Amino acid sequence: MTARTTPGSPATTAGPSRAPGQWPVPPADDYGAMYAALMRERARRALVMQSIRASLQEQPSMRAVLACARRWAADIFRTADEVAKSKQERRK
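Residues numbered from 1 in each chain as written. Predicted model: local features only at pLDDT ≥ 70, side-chain atom pairs only at ≥ 80, totals over all residues. Heavy atoms only, no water.

Draft legend 1. Geometry of the overall build of the protein chain. Scanning the protein chain from N- to C-terminus turns up 2 helices and 0 strands. By residue count, 5% of the 92 residues in the protein chain fall in the buried class. Entry remark: accessible area of the protein chain is about 8,800 Å², with carbon and sulfur atoms responsible for 59%. (Helix = DSSP H or I, 4+ residues; strand = E, 2+ residues; numbered from the N terminus. Buried < 20%, exposed > 50% of the residue type's maximum accessible area, 1.4 Å probe, protein only. Areas by Shrake-Rupley, 256 points an atom, 1.4 Å probe, with all protein chains shown as cover.)

In structure tokens form, the structure reads like this:
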């Protein structure tokens, strides 16, 4: 039986070979910058989540917690809309 290859299969694509599911390896000089960016993003997310949690824990009842969470979510979506619109305006 002969093996068939389809367009896009590993046997027909050009480029460095790597095992299926293996991520491409970036150049060695990018590791430091990528790691620093990842750590900044993780720290920013942790600070924001701690702030939201503190605000929710200050609420006196379950209903107040849920209402506060809805306000946080609404504020986040409102901010996301503003940022998205500003990026769209810059692109034009």
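Draft legend 2. Focus on the side chain of Ser55. Tracing the sequence through the fold places Ser55 in helix 1 (residues 30-57). Apart from the residues within four sequence positions on either side, Ser55 is in contact with Cys68 and Trp72. (Contact = heavy atoms within 4.5 Å.)

Draft legend 3. Layout of the pattern of salt bridges. According to the stated counting rule, one finds 2 salt bridges in the structure shown. Note that Glu41 is salt-bridged to Arg44, the shortest N-O span being 2.7 Å. Of this pair, Glu41 and Arg44 are both found in helix 1, 3 residues apart, which corresponds to roughly one turn of the helix. Asp75 is paired through a salt bridge with Arg78; the nearest N and O atoms lie 2.8 Å apart. With a gap of 3 residues between them, Asp75 and Arg78 both fall in helix 2 (residues 62-91), about one helical turn apart. According to the relative accessible area criterion, Asp75 is partly exposed, its value standing at 37%. (Salt bridge = Lys/Arg side-chain N within 4 Å of Asp/Glu carboxyl O.)

Function cannot be read off these values alone, since they describe shape.
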